[in-house]
Amino acid sequence: MARGQVKSGGMNESMQLAEKVAAQLARHLTDVVLCPGSRNAPLSLALLARDDIRVHTRLDERGGAFTALGMARVQRRHVGVVMTSGTAVANTLPAVVEAHYSHTPLAIISADRPERLVGTGASQTIEQQGIFGVYADTTQVTGADDIAAMAQRFREDLQVHINVAFDAPLVDATLPDHTSGDGVREPAPAFVDHGEVAVDLSKNTLVITGDEAWEVEGLQDVPTIAEPSAPGPYHPVHPAAAHIFRKAQVSANDYVVNTKVEQVIVVGHPTLHRGVLALMNDPDIELVVLSRTKDFTNQRGDEARLGTTVKVTGEPSREWMKICEGATDMAGQAVRETLEDEELGFTGLHVAAAVGDTLSVNDTLVLGASNPVRDASMVGLPFDGVDTYSPRGAAGIDGTIAQAIGISLATQSLDPTNWRAPRVMALMGDVTFLHDANSLLIPEDQARPENLTIVVANDNGGGIFETLEQGADALRESFEPAFGTPHGVDVGKLAEAYEADYREVTTPQELLDTLAELKEYSTGITVVEAKTTRATRRALNEKLTAKVGQ
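Computed from a predicted structure; not experimentally measured. (Residues numbered from 1 in each chain as written. Predicted model: local features only at pLDDT ≥ 70, side-chain atom pairs only at ≥ 80, totals over all residues. Heavy atoms only, no water.)

Spatial ordering of the open sheet is given by β2-β1-β3-β4-β6-β5, a layout of six strands whose pairing is parallel. Looking at the sheet topology across the chains shown, the edges are occupied by β2 (54-57) and β5 (138-141). The sheet shows a mean angle of 20 degrees between the axes of neighbouring strands, taken without regard to direction. Bridge count between β5 and strand β6 (residues 159-165): four bridges; the pairing is parallel. Within β6, the position partnered with V141 by the bridge is V164. Relative to β6, helix α1 (residues 13-25) is tilted by about 165 degrees, and along the sheet it contacts β4 (106-112), β5 and β6. (Pairing = 2+ DSSP bridges. Helix = DSSP H or I, 4+ residues; strand = E, 2+ residues; numbered from the N terminus. Axes fitted to C-alpha atoms, helices over the stretch in contact; angles between N-to-C directions. Contact = heavy atoms within 4.5 Å.)

So this is what it looks like as C-alpha cells:
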C-alpha cells in the first residue's frame, strides 16, 4: 500500500494511528492540554472526539506544559501536553525539568515528521527523539505495534515523552466519531519503598520536612521544621531558630539550656533555609533521610541512614519539647516585631504575613520560588488544612502562573458540585509574574479558574538579591542592571489585557481588607498588586537576624 493511502473504512493511516494513541492515553490520564498545530492535527481531533478525556487548549507550549504540571501536582497522575513538531516540543523542557526534580507525573506527547524527513531540511523538523536527555526517555510511535511500548512507559516512568510520527495526509474529510472507553485507568507509578530505619527518639531529635514530604508514622510528636509545601506539623519549629540547635548551650533568663540537636530526620526535599541546611550537613549530628522516590536529599553520602519508614523507640523528653517550643516562640515573635517597624515600609514579608493571616482550612496556596516561599515560611506556614504547592523541584520561577491555573482547575474539578469553587491563593513576586504573564491568556470557551487570587508583591525588580551577597554595599554600583532589574511595568494594564479583575494595595491593612473581601466575593481570576519596596529588605533581614541571635 502506498504511503498515506486510505485503508478500508475510509480513515487514513495517520487518523487511525491517532485514534489508537488517544485510546491508550485515556487509560492513563483524565486531562490533556492541547496546543494548536498542523502536524498534531490527527491526534488533536482524536482527543477532542473522546468523551473520557478533558481537553484544555493553550496557545503556547511552555505555558501549556506548566498548566499540565500544575494539574498533575494535585492529581498525582500523568497529565498530557500535545503539540506539533519542531521548537514546539523544546518549549516544554522547563516543565519537564521541574517535573523530573519534583517527581511529578507529566506526559509530553509530540507530533513528528516521518523519520525519512528528519535531517533533510524539511520545514519544522528537528531531532525530537531524545530531546529531553536525562529528564525523559523518548518512546517512538510510528504504528500500532508501538502502542504497547507507550503503555509500558506510562506504567514505569513519571516523566513520559511519546513522539508520534504522522505522515500526510494528516486528516480526513470528516471528523472522527465520538467515542468513550471502558472507564478503566491504570494507576500512576507507585512510590518507592527503601525500607525501615530504626530511630531512638529519646535523643534530642528534629524532623526537617520539605517538598514531597508526607506524614511519617511514628514521627508525629517530634518537633519539626517544615517548609511551606510540607504537611503542617503538630509541633512546629520556626526555621529562624535553626541556628540555636547547632549550639551546645544557650543562656536564657539566667538559665543555661542544652540546645544541641543529636539527630535530624529529613523527610522529602527541604531546600529553603541556610540555617536548616547547616543542620542537615553538620557532621556532629546523626542524619536519617527518608524518601518515597529514587532520590534522597542527602549531601553527606554514606554518613546518612536512608529509608522510607521508621521503627521508633523512646520518645522526646519534656525538656526537649520545651526547648523547641521556646525557640519557636522567640523566632516567631521576632518576625512579628520586625514587621511592626514602620521604618521598613511595606515589604514582601508584610505581604506574606497578610496572605497567611487570611488563609482558611480547605484553601489552597501556591507559592512562587524566590522570596515568597521563604517569606511564607518565616510567617509560620505550613498551616494544617491548607494544601500548599511550590515549584521546589528545580526551584525556578518558570511557569508559576500557569501552574497556579492548573492547580485551580484540578482543585475545582475534584468536586464540581460545590456551589462555589474552593479558593486558591497564589503569592509571587513581580519578576515571576512578568515571566509568565502570558499564561493568563486562556482561549475562549475553555475551562477557567473559578476562584483564583494572584497576589503580586511588586518591588519593581529582583528583591531576593537585596538579601544575598551581591546586595552588599560594596557591590551596589552594578546591582541594579545585573540583579535589581527595575522594569516599571503597569501590572494593572496587563491584568486588564487578559481580562482578569485587578486590585491595587499600598499598605498591609489595605491588603488584609482586600483579601478579606475577595475571600467572600471573588470569582474567576483576580490579580492583587501589592506595591512594595525592596530598599529596606536587607535592613529587615539584618534586624530579624539580630533579634533571633544569629
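Resuming the write-up.
Under the UniProt annotation, the feature "domain: Thiamine pyrophosphate enzyme TPP-binding" (unreviewed entry) is placed at residues 399-529. With 36% helix and 19% strand, residues 399-529 has its two end C-alpha atoms placed 18 Å apart. (UniProt positions renumbered as here; feature names shortened; annotations may be inferred.)

Here the focus is the packing of aromatic side chains. If you walk through the whole model with that rule in mind, you get four aromatic pairs. Seen in terms of ring centroids, F245 and W320 are 5.6 Å apart; in terms of plane orientation they differ by 65 degrees. Their pairing is edge-to-face. Of this pair, F245 sits in the loop between β9 (224-226) and β10 (249-252) while W320 is found in helix α8 (residues 318-339), placing the two residues 75 residues apart along the sequence. Assigned by exposure class, F245 and W320 land together as buried. Arranged with centres 5.6 Å apart and planes meeting at 50 degrees, the rings of F465 and F483 form a pair that is tilted. Taken as a pair, F465 in the loop between β19 (451-458) and α13 (479-484) and F483 in helix α13 lie far apart in primary sequence, 18 residues in all. Judged by its relative accessible area of 26%, F483 is partly exposed. Site record: aromatic cluster; members linked through ring pairs are F465, F479 and F483. The ring centre of F191 lies 4.0 Å from the NZ or CZ of R292, which sits over that ring. For the cation-ring pair, R476 lies above F479, with the distance from its terminal atom to the ring centre recorded as 4.1 Å. (Phe/Tyr/Trp six-rings, centres within 6.5 Å; stacked < 30°, edge-to-face > 60°. Buried < 20%, exposed > 50% of the residue type's maximum accessible area, 1.4 Å probe, protein only. Lys NZ or Arg CZ within 6 Å of the ring centre and 35° of its normal.)

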